[in-house]
Amino acid sequence: MPDKAYFPLGRRGMEAFNLRECMKCGNENEEELELLDKQDVTEKEENNLLNIKTYKVKCNKCGATYKIIIKSLYTNEQTEENRMVSTVHYTENGEEQWLGVF
Ligand SMILES: [Zn+2]
């Protein structure tokens, strides 16, 4: 999982935020954040590849369980040079929210 994602803030540029803290209570103690499940799926879309990584995280401080979903689009091959964009989403109870890009 990447450390950070970025929120676009219009003209003020981008603000980084930490993916390795609880999205609910802001707990930054990684030992209390438990990775319950990880999925990594790649789908072919015409000439592009869409890679979806899903991290299911449980915070042992506030008890929240949520998922961080990272969707990356690649041209032809799944390499860093061919990565066009990655978007980061957050879901809790099935509701997906867009968090940012990296
Ligand atoms: Zn928490």
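Read on for a plain summary of the structure. (Residues numbered from 1 in each chain as written. Predicted model: local features only at pLDDT ≥ 70, side-chain atom pairs only at ≥ 80, totals over all residues. Heavy atoms only, no water.)

**A word on the environment of Ile68**
To keep it simple, the criterion reads: The helix count covers DSSP runs of H or I at least four residues long, the strand count covers runs of E at least two residues long, and both are numbered beginning at the N terminus.
Positionally, Ile68 belongs in strand S5 (residues 65–75). Separated by 49 residues in the primary sequence, Ile68 and Leu19 have C-alpha atoms spaced 8.4 Å apart.

**Quick notes on the coordination of the zinc ion**
The textbook angles at a metal center are 109.5 degrees for a tetrahedron of four donors and 90 or 180 degrees for an octahedron of six. Rule in force here: Counted as donors are N, O and S atoms no farther than 2.8 Å from the metal, or 3.2 Å for Na, K and Ca; water is not among the atoms, and sites may therefore look incomplete. Only protein chains enter the accessibility calculation, which uses a 1.4 Å probe; a residue whose area is less than 20% of its type maximum is buried, one above 50% is exposed, and one in between is partly exposed.
Looking at the zinc ion, one finds its protein donor set to be Cys22 (SG), Cys25 (SG), Cys59 (SG) and Cys62 (SG), positioned 2.3 to 2.4 Å from the metal centre. Written as a sequence motif, the donor arrangement for the zinc ion is C-x2-C-x33-C-x2-C. You can call Cys22 buried: its relative accessible area is 2%. The class of Cys25 is partly exposed, set by a relative accessible area of 39%.

**Focus on the pattern of salt bridges**
Selection criterion: Salt bridges are defined as contacts in which a side-chain nitrogen from Lys or Arg sits within 4 Å of a carboxyl oxygen from Asp or Glu.
Under the criterion given, the structure shown has 4 salt bridges. In this structure, the salt-bridge partner of Glu92 is Lys24, at a minimum N-O distance of 3.2 Å. Here Glu92 is found in strand S6 (residues 83–92), whereas its partner Lys24 is found in the loop between strand S2 (14–18) and strand S3 (33–45), with 68 residues between them in sequence. Judged by its relative accessible area of 47%, Lys24 is partly exposed. Lys71 is paired through a salt bridge with Glu96; the nearest N and O atoms lie 3.3 Å apart. Note that Lys71 is positioned in strand S5 and Glu96 in strand S7 (residues 95–101), a separation of 25 residues in sequence. Its relative accessible area of 25% is what places Lys71 among the partly exposed residues.

**Re the pairing of S5**
Rules: Should DSSP find at least two bridges between two strands, the strands are regarded as paired.
The sheet contact formed by strand S4 (residues 48–59) and S5 spans 11 bridges and is antiparallel. Bridge assignment links Ile52 to a residue of S5, and that residue is Lys71. Taking the residues between adjacent antiparallel strands as the criterion, S4 and S5 are bridged by 5 residues, where Gly63 takes a positive phi near 85°. Of the strand pairs in this sheet, S5 and S6 are connected by 8 bridges, and their pairing is antiparallel. Bridge pairing links Ile68 to Tyr90 in S6.

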